[in-house]
Amino acid sequence: MKKTKKEAVMEAVLFSMGESVDISRLADVIEEDVNTTKELLKQMQARYERDDRGITLAWFDEAVQLCTKEDMYEYLVKIAKAPKKMTLTDTALETLSIIAYKQPVTRVEVERVRGVNCDHAINKLLEYDLITELGRMDAPGRPLLFGTTEQFLRCFGVRSLEELPELNPVQMEEFKQQAEAEAQLQLEV
């Protein structure tokens, strides 16, 4: 299969799937190794950028997705309904941060860090597809384990969890004190 045909096949697969596809799966489809497939994808992305087209490739760890460029959003809104805006409360953001940095993590562990019940925040994060159930912990009661999703990476503009900023111990202590103060206020009410 010629290089142009391989690129056309990957483009068709990515367009049809409408979600990210593991690069290893694309490599299998075009009968190439993963490194060659990555190079072909990088060349496709460079062409999309150079030709000032309306699409681009989004990279997520070892997966890639064909999607609309950000600067095309205003034109999409004119023809499509505006997507439901996701609004995260401070509580949900704090809960999401804990899950992102400590995953896989149980609800009890999140609540221990925050100092308050997190049921509503976790349910909202699940609804927005920012977190997912990763399985169950091998412990009494077999509690659910939570972790972030690819949608989380998309929303926060990072390709992988390694790109998340590092938290220093002073910040962590401040977060813990804020959570404890919030818990104390809720107990007083």
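Higher on the page you've got the structure.
Residues numbered from 1 in each chain as written. Predicted model: local features only at pLDDT ≥ 70, side-chain atom pairs only at ≥ 80, totals over all residues. Heavy atoms only, no water.

## Describing the sheet that holds strand 2 (residues 55-60)
In step 1: Pairing is antiparallel across the open sheet formed by 3 strands, whose spatial order is 1-3-2. Of all strands in the sheet, those bounded by a partner on one side alone are strand 1 (21-22) and strand 2.
In step 2: Here strand 1 runs beside strand 3 (residues 63-68); their pairing, made up of 2 bridges, is antiparallel. Its bridge partner being in strand 3, Val-21 is matched across the sheet by Val-64.
In step 3: The strands that helix 1 (residues 3-17) touches are strand 1, strand 2 and strand 3; relative to strand 3, the one it contacts most, it runs at about 75°.
In step 4: In the packing of helix 3 (residues 34-50) onto the sheet, contacts are made with strand 2 and strand 3, and the angle to strand 2 comes to roughly 140°. (Pairing = 2+ DSSP bridges. Helix = DSSP H or I, 4+ residues; strand = E, 2+ residues; numbered from the N terminus. Contact = heavy atoms within 4.5 Å. Axes fitted to C-alpha atoms, helices over the stretch in contact; angles between N-to-C directions.)

## Topic: helix 2 (residues 23-30)
In step 1: Inspection of helix 2 places Ile-23, Leu-26, Ala-27 and Ile-30 among the buried residues, and these make up the whole buried set. Across the axial projection of helix 2, the buried residues extend over an arc of 105°, all falling on one side.
In step 2: Here the buried face of helix 2 lies against helix 1, strand 1, helix 3, strand 2 and strand 3.
In step 3: Looking at the residues trailing helix 2, positive phi occurs at Glu-31, about 60°. (Buried < 20%, exposed > 50% of the residue type's maximum accessible area, 1.4 Å probe, protein only. Arc of directions from axis to C-beta.)

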